[in-house]
Amino acid sequence: MGFDAGFSQALGARGWLGLTLPVEYGGGGRGPFARFVLVEELLAAGAPVGAHWIADRQSGPLLLKYGTEAQKRFHLPRICRGESFFCIGMSEPQSGSDLASVRTQAERVEGGWRLSGQKLWTTNAPRSHYMIALVRTSGTHDDRHRGLSQVIVDLAAPGVTIRPIRDLAGDAHFSEVFFDDVMLGEDAIVGQEGDGWAQVTAELAFERSGPERIYSSLALFDAWIAHVRSRAVPDQASVVLAGRLATHLAVLRELCVAVTAKLAAGESPVVEAALVKDLGTALEQAMPVAIADVIGAEDGPPAAAALMQALAYVTHVAPSFSLRGGTREILRGMIARGLGLR
Amino acid sequence: MPSPATVSPFLDPLEKLLSVHGTPAVVRAVEAGDDAGNARQAWIDSGFADLLMPEASGGAGLPLRMADELLRTCARRLLPWPLDATMIARAAFAGAGGAAPDGFVAIAPQTSVDADGRMLCRGVPDGAAADWILATVAEGAMLVPVREHRSEAVFRGGTVATDVFWHAQPAGTTPIPRGMDWMAIGACLMATRIAGAMERLLEMTLAHASTRAQFGKPLAAFQAVQQQLAVMAEQVAAARMAASIGMLAEGIEPDPLRAAIAKARTSEAVVEVTSIAHGVHGAIGIAAEFDLQLYTRRLHAWRLAFGTERRWQGVVGRALLAAEGPVLDAIVLRAAPPAA
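Not measured: the values here are computed from a predicted model.

So, how was this worked out
Residues numbered from 1 in each chain as written. Chains lettered and ligands numbered in written order. Predicted model: local features only at pLDDT ≥ 70, side-chain atom pairs only at ≥ 80, totals over all residues. Helix = DSSP H or I, 4+ residues; strand = E, 2+ residues; numbered from the N terminus. Rg over C-alpha atoms; globule rule 2.2 N^0.38 Å. Buried ≥ 20, exposed ≤ 12 C-beta atoms within 10 Å, placed from the backbone. Contact = placed C-beta atoms within 7 Å. Expected span 1.5 Å × (residues − 1). Nonpolar A, V, L, I, M, F, W, Y, C, P; charged D, E, K, R; others polar. Pairing = 2+ DSSP bridges. Axes fitted to C-alpha atoms, helices over the stretch in contact; angles between N-to-C directions. Domains from an automatic or database assignment. Bend = angle between axes of the 7 residues up to and from the residue.

> Which parts of the structure should I look at to understand the overall build of chain B?
Helices and strands together make up the secondary structure of chain B, namely 11 helices and 10 strands. Taking 2.2 N^0.38 as the reference for a compact globule, 340 residues should give roughly 20 Å; the C-alpha atoms of chain B span a radius of gyration of 20 Å, in line with that estimate. When the backbone C-alpha atoms are referred to their principal axes, chain B occupies close to 65 × 55 × 45 Å. A buried classification covers 53% of the 340 residues belonging to chain B. Within chain B, contacts between residues at least 6 apart in sequence are counted, and of these 71% link residues at least 24 apart.

Have a look at this one:
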């Protein structure tokens, strides 16, 4: 997903950011379906939406739902103009799937909170203005889900250090973020102190349910289809594969719409979102594998370099699809709970 | 769009009828060749077969999409007569100003006629329980009588699909008054059956996992089993959505692309869903007296009937490759329901 602050600001100028946020905060005052349509078109076009993505998808709605009036007045208009980019502070070195074990701590001090600890695998941290982080504000590590809160951290504040992490494809989308006694104001808490776990769970339903969870490999798929179309006579394996992948996409898209309908009805479809995300990532991961298989079986002139580069890239980053936003095993555990098995 | 509430007046009576005349005992009896006369007559008298017929002809004028839940409900019980195909055939006759002959209609996926006029319909779902086989030959589609005529039904290896054979085209054969894509219709109906049967199969498997204990605790307490059941639930959800896409039609004919998507995705899900269901049930699932096999054998038969996933993936693939532009416009948004 490309990052282009200018593009995000241009979207904001057209009123296309914060589409679901109320007009009084600078938003579009529209429902989740309006955003669904817009996001689907942006993703299909391969638009560089990375800068505003997290703020638009989850930080904005989170602040609208749980934030104070002052927080909403300050942050939401900036998000809608494409001036404020957010990142998410969830994972830590010792807290991956076991998110409730986070150790980063905000300690009550005169005039606010003192933050210390470390976040990891933070997407776009060096280019974001704020992080909403899940941290411990009371109790100890053994209290698990109790005593966790979400805080807004100004990433320009003294004591914040960001180190990009180079990934296997040569990019540096992820970072580690260190907090050395970072001073946060009284107003840094989002929602109720101690309710962080419930809020994060609701936030993750937004993260897991969007159409981007089925379209990560779409650019590769379309590039490959163009390649197959360019052949005089497509081989039967490619025809069947194209149909199989398109069939899955069509069904997943309607499942996404069904989850969006629940969001629109004010529900928090945690289990349904987990189900769609797991099915979606399975398809996204199957695409590079299957496409490589049929390309590698072809005779005739070699496929275009751009297709092979996209194929290599998606192949290499595909493992992350079933890690981000909850691993496959965590999601299946949630589905099992929804089925009444645990 | 009319509200889905229009369906609800029919759902309750349907459930009631199924609970009396759609029991596993009835399913077994019909499969064994028993006429199950009382139950059969109750279904014919119920009027459900007329739901898709225009109101002017005494039907309820339901479009296909409003029959989605009703037919899935029948499939949850494995209703052993082809009510679904009969509904569409009756509506096809009524829509052309005529009336279909009485009785159940089963659609033949494949029909061949040899030089001597002998006719073979291969792999007809519910073929042995139907009064008429809807066969498509060179001259078009026609209803061919099964009962009271010289015909042979051949069962193979525990499948519920039947081969039906005639030495000559029998008297009483009636042409369908309207050209329709019966392959797409059959595919769409099988997809809905698969989705309904899978929903019930998931419930049965969850119930078994919660009651059957090994190593001192229910199977459902084992994480490996939980993950399997989650995968099963995902496949069932995908199949159900796919089947509903297939039934998204205002008239009685499914859209060919949507029908292809429905059959391809539901058929593909059959493999994993039946495999997990049997795995979780263990050895008892193989026993004939246990109901599981009633479901899994039909799911395999319906996967094959009117084309497996590979056939319909080929249809979707050719449509995608023949189109221009990205998959989203060429396939995905074409399959989506029209905006309300």
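> What is the right way to look at helix H4 (residues 69-81) of chain A in this model?
At 3.6 residues per turn, the α-helix brings residues three or four places apart onto the same side. All names here are of chain A. A rise of 1.5 Å per residue sets the reference length of H4, with its 13 residues, at 18 Å; its end C-alpha atoms lie 19 Å apart and thus fit the reference within 8%. Lys72, His75, Leu76, Ile79 and Cys80 are the residues of H4 that are buried. Its buried side turned inward, H4 meets helix H1 (5-13) and helix H3 (50-66). Once H4 finishes, glycine 82 follows within two positions and takes phi at roughly 75°, a positive value.

> Please explain the interface of chain A and chain B as it appears in this structure.
One frequently used descriptor of interface size is the decrease in accessible area upon assembly of the parts. At the junction of the two partners, chain A supplies 32 residues and chain B supplies 34 residues. Contributing elements (two or more residues each) for the side of chain A that touches chain B: helix H6 (218-230), helix H7 (236-264), helix H8 (270-296) and helix H10 (328-338) of chain A. The element best represented in the side of chain A that touches chain B is H7(A), accounting for 14 residues. Of the residues assigned to the side of chain A that touches chain B, the class counts are 19 nonpolar, 4 polar and 9 charged.

> How should I be thinking about the sheet that holds strand E1 (residues 105-107) of chain B in this particular structure?
Adjacent strands of a sheet pair through backbone hydrogen bonds, lying either parallel or antiparallel. All names here are of chain B. The 4 strands are arranged E1-E4-E5-E8 in an open sheet whose pairing can be described as mixed. Among the strands making up the open sheet, the edge pair consists of E1 and strand E8 (174-175). Pairing analysis gives 2 bridges linking strand E5 (residues 140-145) to E8, with the strands arranged antiparallel. Each residue of the ladder has a partner; that of leucine 143, found in E8, is threonine 174. Sheet strands in contact with helix H5 (residues 83-95) are E1 and strand E4 (132-137), and its direction is about 100° off that of E1. On the sheet, helix H6 (residues 182-211) packs against E1, E4 and E5 and is oriented at approximately 105° with respect to E1.

> How should I be thinking about the domain arrangement of chain A in this particular structure?
Residue and element names in this part refer to chain A. Domain annotation of chain A identifies domain 1 (5-84), domain 2 (88-194) and domain 3 (210-338). The C-alpha centroid of domain 2 is placed 23 Å from the C-alpha centroid of domain 1. Contact residues are listed per partner, giving 12 residues for domain 1 and 9 residues for domain 2. Looking at the side of domain 1 that touches domain 2, the elements that each hand over two or more residues are H3 and H4. Ranked by the residues each element gives to the side of domain 1 that touches domain 2, the list is headed by H3, at 7 residues.

> Mind showing me how you'd approach the domain arrangement of chain B here?
All names here are of chain B. In terms of domains, chain B is made up of domain 1 (4-175) and domain 2 (182-335). If you look at the interface, domain 1 gives 31 residues, while domain 2 gives 29 residues. Elements represented by at least two residues in the side of domain 1 that touches domain 2 include exactly helix H2 (24-31), helix H4 (64-76), H5, strand E3 (119-125) and E4. It is H4 that contributes the most residues to the side of domain 1 that touches domain 2, 10 residues altogether. Residues belonging to the side of domain 1 that touches domain 2 are distributed by class as follows: 21 nonpolar, 5 polar and 5 charged.

> Just to check I follow, could you spell out unusual backbone geometry for this structure?
Only a minority of non-glycine residues have a phi that is not negative, and only a minority of peptide bonds are not trans. Residue and element names in this part refer to chain B. Its identity as a non-glycine residue notwithstanding, alanine 36 has a phi of 45°, on the positive side. Positionally, alanine 36 belongs in the loop between H2 and helix H3 (37-46). Alanine 36 gets classed as buried once you count the C-beta atoms within 10 Å, which come to 22. The backbone phi angle of leucine 78 is positive, close to 60°, even though this residue is not glycine. Examined against the element boundaries, leucine 78 turns out to sit in the loop between H4 and H5.

> Help me understand helix H8 (residues 256-281) of chain B, please; the structure alone is not making it clear to me.
All names here are of chain B. The terminal C-alpha atoms of H8, which comprises 26 residues, lie 37 Å apart, in line with the 38 Å expected from a rise of 1.5 Å per residue. Helix geometry: H8 is bent most strongly at valine 270, by close to 30°. Burial analysis of H8 places 20 of its 26 residues in the buried class, which makes it a mostly covered element. Of the residues one or two after H8, glycine 282 is the one with positive phi, at around 75°.

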